[in-house]
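# Inside the fold
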Amino acid sequence: MSYDLGAVVPLSTTVKDGTGAPANAGNMTLTITLPDNTTTVVDPVAPASTGVYRYGYPAVQAGRHQVRWLATGANATADTDVFNVRPPAPPMLFSLADAKKKLDIPATSTADDAELREFIEATTFAVEYFVGPVARRTVQQVVTGNRDALVLHTTPVIALTSVTAVQSWQMAIDLADLDVDTNTGVVRRNDSLCFPVGDYRLVYTAGRQLVPANVELAGKLILQHLWRTNFGAARGPSVSDDFLATEQVPGFGYAIPNRALQLLQADRDFGGFA
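Here we summarise the structure given alongside this text. This one's a predicted model, so the numbers in the text were calculated from it and none came from an experiment. (Residues numbered from 1 in each chain as written. Predicted model: local features only at pLDDT ≥ 70, side-chain atom pairs only at ≥ 80, totals over all residues. Heavy atoms only, no water.)

## Digging into the sheet that holds strand β11 (residues 157–165)
Here we have three strands laid out as an open sheet, ordered β9-β14-β11, and antiparallel in their pairing. This sheet does not close on itself; its edge strands, each paired only once, are β9 (137–144) and β11. Adjacent strand axes in the sheet meet at a mean angle of 25° when their direction is disregarded. In this sheet, strand β14 (residues 199–206) lies alongside β11 in antiparallel orientation, the contact comprising seven bridges. Of the residues in β14, the one forming a bridge with A159 is T205. (Pairing = 2+ DSSP bridges. Helix = DSSP H or I, 4+ residues; strand = E, 2+ residues; numbered from the N terminus. Axes fitted to C-alpha atoms, helices over the stretch in contact; angles between N-to-C directions.)

So, in structure tokens, the structure goes:
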């Protein structure tokens, strides 16, 4: 499960004795390894009840975290786990409210909100596989100068926000002297000069200022298709239902329904430069 940055992540483990009954450990230590490879150590962790240990960890970094419980002394054991923390602005093609409306989930029902948000994020990446970035995100890219034009690898580009020389001896570049083709990602100088020698770190915003209706609807159809897999046989046996998880789109497996793929055709990103 993924958690929001700043949320308190509920962590727990259970210790049992040789008979399988819950039992306290001699000592319990919790170690959390953060995405930047630093660690948070809680020692000791007191049992919340016999054999049950809990700890609420306030997430301070986005990314994958590793968890290790280590019980020593009586009833010695170990337990490992992982959890993910979302970035402050995770890529989401549409809102949680829009997803609920498409799935006929009442707005007042919140039991599936956490899982549904993960489905929305996964759907967003599925759509972007076909049409390129849709949700806004900040991208950093190092490019080499000594040429007439630079090419940004993530398009479309909304805005180029900074250009920084990597080496201290390099010539600075003023953003006002640059022109960006937002569709192709080609950056040229508007003073007819070449880019100076050296490497430059470019920071820019990629994505779409306006999401086309066909792209958003295709995403909702993919979400609906994936969400139905939660219900297994409860979907019913109708072979006419083109959202069945057993309906394969040639070349794409079972996750993308045909009607969604057809909606995305006009915006397909076949990418690349010769």
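## Quick notes on the sheet that holds strand β3 (residues 27–33)
Note on sheets: strands pair through backbone hydrogen bonds, and any given pair is parallel or antiparallel. An order of β1-β8-β7-β3-β4 is seen for the five strands of this open sheet, with the pairing classed as mixed. For this open sheet the edge positions go to β1 (2–3) and β4 (39–42), each flanked by a neighbour on one side alone. Strand direction decides the pairing type here: strand β7 (residues 63–72) and strand β8 (residues 77–85), joined by nine bridges, are antiparallel. By the bridge assignment, R64 is partnered in β8 with N84.

## Here's the deal with the packing of helix α2 (residues 113–131) against helix α3 (residues 213–227)
Between α2 and α3, the least distance of the axes is 9 Å, while the angle of their chain directions is 130°. If you check the angle between α2 and α3, you find them oblique. Helix-helix and strand crossings are classified by hand; for α2 and α3 the assignment is right-handed. Side by side, α2 and α3 meet where E115, L116, F119, I120, T123, V127 and V131 of the first sit next to V215, G219, I222, L223, L226 and W227 of the second. Considering only residue class, the contact of α2 with α3 consists of 10 nonpolar, two polar and one charged. (Parallel < 35°, antiparallel > 145°, perpendicular 65-115°, else oblique. Left-handed = near helix turned anticlockwise from the far one by under 90°. Contact = heavy atoms within 4.5 Å. Nonpolar A, V, L, I, M, F, W, Y, C, P; charged D, E, K, R; others polar.)

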